[in-house]
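Observations on the three-dimensional arrangement
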Number of protein chains: 4
Amino acid sequence: MSAPCHCSHTSTITKYSALSPELQEEFKDPNHPANLICELCRLFYDNNWVTGTGGGISIRDVDGENPNLVYIAPSGIQKERLQPWEMFLVELPDEKILRTPNDIPEELTKSYKYKQSQCTPLFISCYTLRDAGACIHTHSQHAVMMTLFLENKKEFAISHIEQIKALPKLKYNEETKKIEKIGSMEYYDKLVIPIIDNTPHESDLTDSLQEAIKNYPGTSAVLVRRHGIYVWGETVWKAKVYNEAIDYLLEVAVKMTQAGIPLVKET
Amino acid sequence: MSAPCHCSHTSTITKYSALSPELQEEFKDPNHPANLICELCRLFYDNNWVTGTGGGISIRDVDGENPNLVYIAPSGIQKERLQPWEMFLVELPDEKILRTPNDIPEELTKSYKYKQSQCTPLFISCYTLRDAGACIHTHSQHAVMMTLFLENKKEFAISHIEQIKALPKLKYNEETKKIEKIGSMEYYDKLVIPIIDNTPHESDLTDSLQEAIKNYPGTSAVLVRRHGIYVWGETVWKAKVYNEAIDYLLEVAVKMTQAGIPLVKET
Amino acid sequence: MSAPCHCSHTSTITKYSALSPELQEEFKDPNHPANLICELCRLFYDNNWVTGTGGGISIRDVDGENPNLVYIAPSGIQKERLQPWEMFLVELPDEKILRTPNDIPEELTKSYKYKQSQCTPLFISCYTLRDAGACIHTHSQHAVMMTLFLENKKEFAISHIEQIKALPKLKYNEETKKIEKIGSMEYYDKLVIPIIDNTPHESDLTDSLQEAIKNYPGTSAVLVRRHGIYVWGETVWKAKVYNEAIDYLLEVAVKMTQAGIPLVKET
Amino acid sequence: MSAPCHCSHTSTITKYSALSPELQEEFKDPNHPANLICELCRLFYDNNWVTGTGGGISIRDVDGENPNLVYIAPSGIQKERLQPWEMFLVELPDEKILRTPNDIPEELTKSYKYKQSQCTPLFISCYTLRDAGACIHTHSQHAVMMTLFLENKKEFAISHIEQIKALPKLKYNEETKKIEKIGSMEYYDKLVIPIIDNTPHESDLTDSLQEAIKNYPGTSAVLVRRHGIYVWGETVWKAKVYNEAIDYLLEVAVKMTQAGIPLVKET
């Protein structure tokens, strides 16, 4: 799939003149979380990860004045056509809604009633349980196919593929009581990602996602069978890199499975 | 495949100066149906859905002053190189032709004789039978392959894949006598799309397409064996989203079929 | 693969100021055959058809003052980085070389010694035997794989796939002694493309290519086993459309073959 | 994957105003090795060769005043977002570090601590042993899959595919004591690429890579099992072309292997 040109000069970007001067000023920074969500969603759309309005991304403003601010893309919107003013802004830990796209002038929203992302409690879980800086949710077909190959299994595992080294090595710190990154995974490590079963409503995944996160301290992702994957990282760029590496590994794993090659190498 | 850059500044867009001032003014709006047809066709071309001049899209001006106006891309033209003035404009319910690209100055048409799309009666059927806002026709290889796997079957069915939730849940309203959207499909629903057999001439599909639309009140699409698919929606963006989601599901279905995984989950 | 942005404003296009004023004026027309070769090669590169300097395209100036002028991309050059002044210009029927990129100022050529395309005699054959307006040569993997599946066969055949209708129906005209287009192929027609075996040197394909063209009056292409395909058309845009449609059909045929589905439907 | 638009006008390119005037002047040339690394990485990212910060490229300034200068992309950086000032600059033969991105103003580096590429000793080996002008390292899935199909084999071999002709024919010159290019490979030649086993740390590949380079005087690449490939050429554009051709051949080889077609044709 091909999103509108990534260039910022494309005429399909709605003019901001209807926004308040404060918002116009705020969105001038290309690294503003709302702008990054738009940019990454166009990239993800090109990868077939967020088609048909599925998938999404949320970013916590870890480097900003208030690191409890979380920007989340709304529900049911074409992800590759997102505009920065379409994000919901919530504040941790209460998830208090500070701003919604329904506050934006009608000239831009065309009276569309925005709803919060169904993924919100899942994204929030990543921030609460892992201090994530961003969380990405895709409907990657590689994730769907791999969970189908592992229909009755609870986890996906692969070892001895170089790309594994892009993932972080995590360990529970007894003092801080937190999962911390102590380095990167090794080539010979076994990457294990838990798989939870899908539920009719996305928010109903929250309990099983949280349980998987707690039971798998080494993971940076949770696969959802017949649905996709949630991947988080300490910053948005780390989340992006981890997501790319995991999707690459899932794609290779599907090919290996089809070829009858074991995913975990016997040593 | 890669269409010319989606950016509006590309020099391959024919200059409009040869158009009448009225038409130039009309096409300034990027959301004009004729402009949207061009934009979406470039996207569809990138997806290998409208190569070799196949496929197409038509849009009804549902939000305009006259919602009976329908813009249709002409026949046998490279879809990714369409210009807004190349569309046929018809008016429902009589399909009276209000404007054709053959009315456009020769400076732009280079004396090419445009013909109405062979898909016209099929597009019109979607408007007549389902009040569609737009109808998309692709030659998606996923559609072709899936109908080949189901060579003697009359329908495609799949369940328990998250992407199904992008499709609308439709129900016949006894009072209005119309099929109406009452929500979205559920993850555990069985998505069923009728398959009709291809005919030598596209317009000869009309009867079987209309029959399939009537017999499958829950569908938003009709597969044409060894040919492609027709997908409609209440607006152009809904049609686009439904088409993306269905194509994703067809692609996954082909992979599942090749892997021997049942498309409909036994519960 | 992704070529530099198709937009004409990209800075990777070498400045023309070193060219003579006449050439600068000549290349202002985006539809100049030399410019079209560049544009199409970028598109073909994106499709993996002309990687590693393989493949190419030549265009005859059918609508120009002298329809015997033929522009041909040089040998061994990265096709997606071609510049219009890099083409060889020959004149039929003697193939007299009128212009070569070696005539261009060194400031642009960087003293590179251009060689005529190895495909030249093959391109010329299409012009001589079929009055083609353009000829495209790709190293499409779909072509390579299909000729491998048909290792000892002399032709590729497929029927009953809608995309076949993009190809022209050709017939020998007893009066003009030429093969002429009398319409388009039908859905139920059997599309037959001859396969010739590859030779160590591309020019050595000339005899077998000419023989195939003569023995298959209905074809618009010749497959070269383990190599790729040559496709021609009455104009460059027809050649492009035919090439797209054939490549789509080869891709579907590979999938059908892998699935054990007959390419020609028994009726 | 889709990198930011290749156009140079994209706003994601960091402003250079924070750089010294000398560096700003240096990077004005689009053919500066540092700029070429950025451009090629965006292309490679689109091909899924350098996702998750994997892979890389280094270029020796063969045509510059000092052909011992080597530019190398840093470790662990998103390759498609590289900026020219992020390169390490070393000088052969001692690999003396002349410039690092850690010398660049914090305004651009955001205090990020750059590390030299893990591939450095491997790149340097190509320059030392083969007088390469550039060396490309990708995590191509075609390379990974092919080395998995050849799990216990020491080399990959394929013959009688046209694309082989893009690779150089190399021969040891008794007088100069160097491996030299004496032409291009032939269609009927057997292309042989050695496979070395992966190691936990990339630099530990150096010995086996050097051994493979010495034992295979005809090769322009070394495959690393379950990891990817290193490809070099006499200039950056040759390296790019060889890499494209080899990746094409690996992709075809995977398809041939899955179809049970021998890679080396019996003659």
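Source: prediction; values computed, not measured.

Let us now look at the sheet that holds strand 6 (residues 155–159) of chain C. Residues and elements named next belong to chain C. Read across the open sheet, the nine strands follow the order 4-3-2-1-5-11-10-9-6; overall the sheet is mixed. The outermost strands of the open sheet, each flanked by one partner alone, are strand 4 (96–99) and strand 6. Neighbour-to-neighbour, the strand axes of this sheet turn through a mean angle of 20°, independent of strand direction. Relative to strand 11 (residues 228–233), strand 10 (residues 221–224) is paired through four bridges, and the arrangement is antiparallel. Note on strand 11: the bridge partner recorded for Val224 is Gly228. Here helix 2 (residues 33–46) sits on the sheet in contact with strand 1 (56–60), strand 2 (69–72) and strand 5 (134–138), set at roughly 150° to strand 1.

Moving on to the domain arrangement of chain A. Residues and elements named next belong to chain A. Considered domain by domain, chain A is made up of domain 1 (18–117) and domain 2 (141–266). For domain 1 and domain 2, the distance between their C-alpha centres works out to 26 Å. Taken residue by residue, the interface counts nine residues in domain 1 and eight residues in domain 2. Surface buried jointly by domain 1 and domain 2 totals about 700 Å² across both partners, of which 72% is contributed by carbon and sulfur atoms. Our count for the contact surface shared by domain 1 and domain 2 stands at zero salt bridges. Only helix 2 (33–46) and strand 1 (56–60) provide two or more residues apiece to the side of domain 1 that touches domain 2.

Here we come to the packing of aromatic side chains. Residue and element names in this part refer to chain C. Within the structure shown, the criterion is met by 12 aromatic pairs over all chains. Judged by centre distance (6.0 Å) and plane angle (70°), the ring pair of Phe123 and Tyr230 falls under edge-to-face. Note that Phe123 is positioned in helix 4 (residues 120–130) and Tyr230 in strand 11, a separation of 107 residues in sequence. Take Phe123 and Tyr230: they sit in the same class, and that class is buried.

Residues and elements named next belong to chain A. Considering the arrangement of structural elements, one finds Asp61 in the loop between strand 1 and strand 2 (69–72). Nearest to the buried, unbridged Asp61 among oppositely charged side chains is Arg60, at 9.0 Å. Once residues within four sequence positions are removed from consideration, Asp61 is found in contact with Pro33, Asn66, Pro67, Leu69 and Tyr71.

So, on to the UniProt feature "binding site: Zn(2+)" (unreviewed entry) in chain A. Residue and element names in this part refer to chain A. Sites flagged by UniProt as "binding site: Zn(2+)" (unreviewed entry) map to His137, His139 and His227. These annotated residues cover 91 residues of sequence, and their C-alpha atoms lie no more than 10.0 Å from one another, placing them together at a single site. Inspection of the secondary structure puts His137 in strand 5 (residues 134–138). Apart from the residues within four sequence positions on either side, His137 is in contact with Val50, Gly55, Gly56, Cys119, Phe123, Glu202, His227, Ile229 and Tyr230. At 3.0 Å, the side chain of His137 forms a polar contact with the side chain of Glu202.

The subject of this paragraph is helix 2 (residues 33–46) of chain D. Note that an α-helix has 3.6 residues per turn; residues three or four places apart therefore point the same way. With 14 residues, helix 2 of chain D should reach 20 Å at 1.5 Å per residue; the first-to-last C-alpha distance of 20 Å fits that figure. Phi turns positive one or two residues past the end of helix 2 of chain D, at Asn48 of chain D, with a value near 70°.

Residues and elements named next belong to chain A. As annotated by UniProt and renumbered to match this structure, "binding site: substrate" (unreviewed entry) occupies Cys119. Tracing the chain through its elements places Cys119 in the loop between helix 3 (106–109) and helix 4 (120–130). A relative accessible area of 5% means that Cys119 is categorised as buried. Beyond its immediate stretch of four places on either side in the chain, Cys119 contacts His137, Glu202 and Tyr230.

Scoring rules and cut-offs
- Residue numbering note: each chain is counted from 1, following its sequence as written.
- Lettering for chains starts from A, numbering for ligands starts from 1, and both go in the order in which the items are written.
- With the structure being a predicted model, the display of local features is reserved for residues of pLDDT at least 70 and the display and counting of side-chain atom pairs for 80 or more, all residues being used for whole-chain, interface and lining totals.
- Side-chain metrics in this entry use all non-hydrogen atoms of the structure; hydrogen atoms and water are not considered.
- Each pair of strands is called paired provided DSSP finds at least two bridges between the two strands.
- Under the DSSP-based scheme used, a helix requires at least four consecutive residues in state H or I and a strand at least two consecutive residues in state E, with every element numbered from the N terminus.
- Under this scheme, a helix contributes an axis fitted over its contacting stretch, all axes are lines through C-alpha atoms, and angles between N-to-C directions fall in the 0 to 180 degree range.
- Note on definitions: a residue-residue contact is assigned when non-hydrogen atoms from the two residues lie within 4.5 Å.
- Each domain's limits were defined by an automated method or a database of domain assignments.
- When two components associate, each loses some accessible surface as probed by a 1.4 Å sphere; the sum of these losses over both components is called the buried area.
- Any Lys or Arg side-chain nitrogen located within 4 Å of an Asp or Glu carboxyl oxygen qualifies as a salt bridge.
- Only rings of Phe, Tyr and Trp enter the pairing, Trp through its six-membered ring, and a pair is recorded when the two centres are within 6.5 Å. The plane angle decides the type: under 30 degrees is stacked, over 60 is edge-to-face, the rest tilted.
- Accessible area is worked out with a 1.4 Å probe on protein chains only. A residue is then buried under 20% of its type maximum, exposed over 50%, and partly exposed in between.
- In this charge count, Lys and Arg are treated as positive and Asp and Glu as negative; neither His nor the chain ends contribute.
- UniProt positions are given in the numbering used here, feature names are shortened, and annotations may be inferred rather than shown by experiment.
- Any pair of nitrogen or oxygen atoms within 3.5 Å is treated as a polar contact; in protein, a donor-acceptor pairing is required on top of that, and neighbouring residues in sequence qualify only through side-chain atoms on both sides.
- The span one expects for a helix is its residue count, reduced by one, times 1.5 Å.

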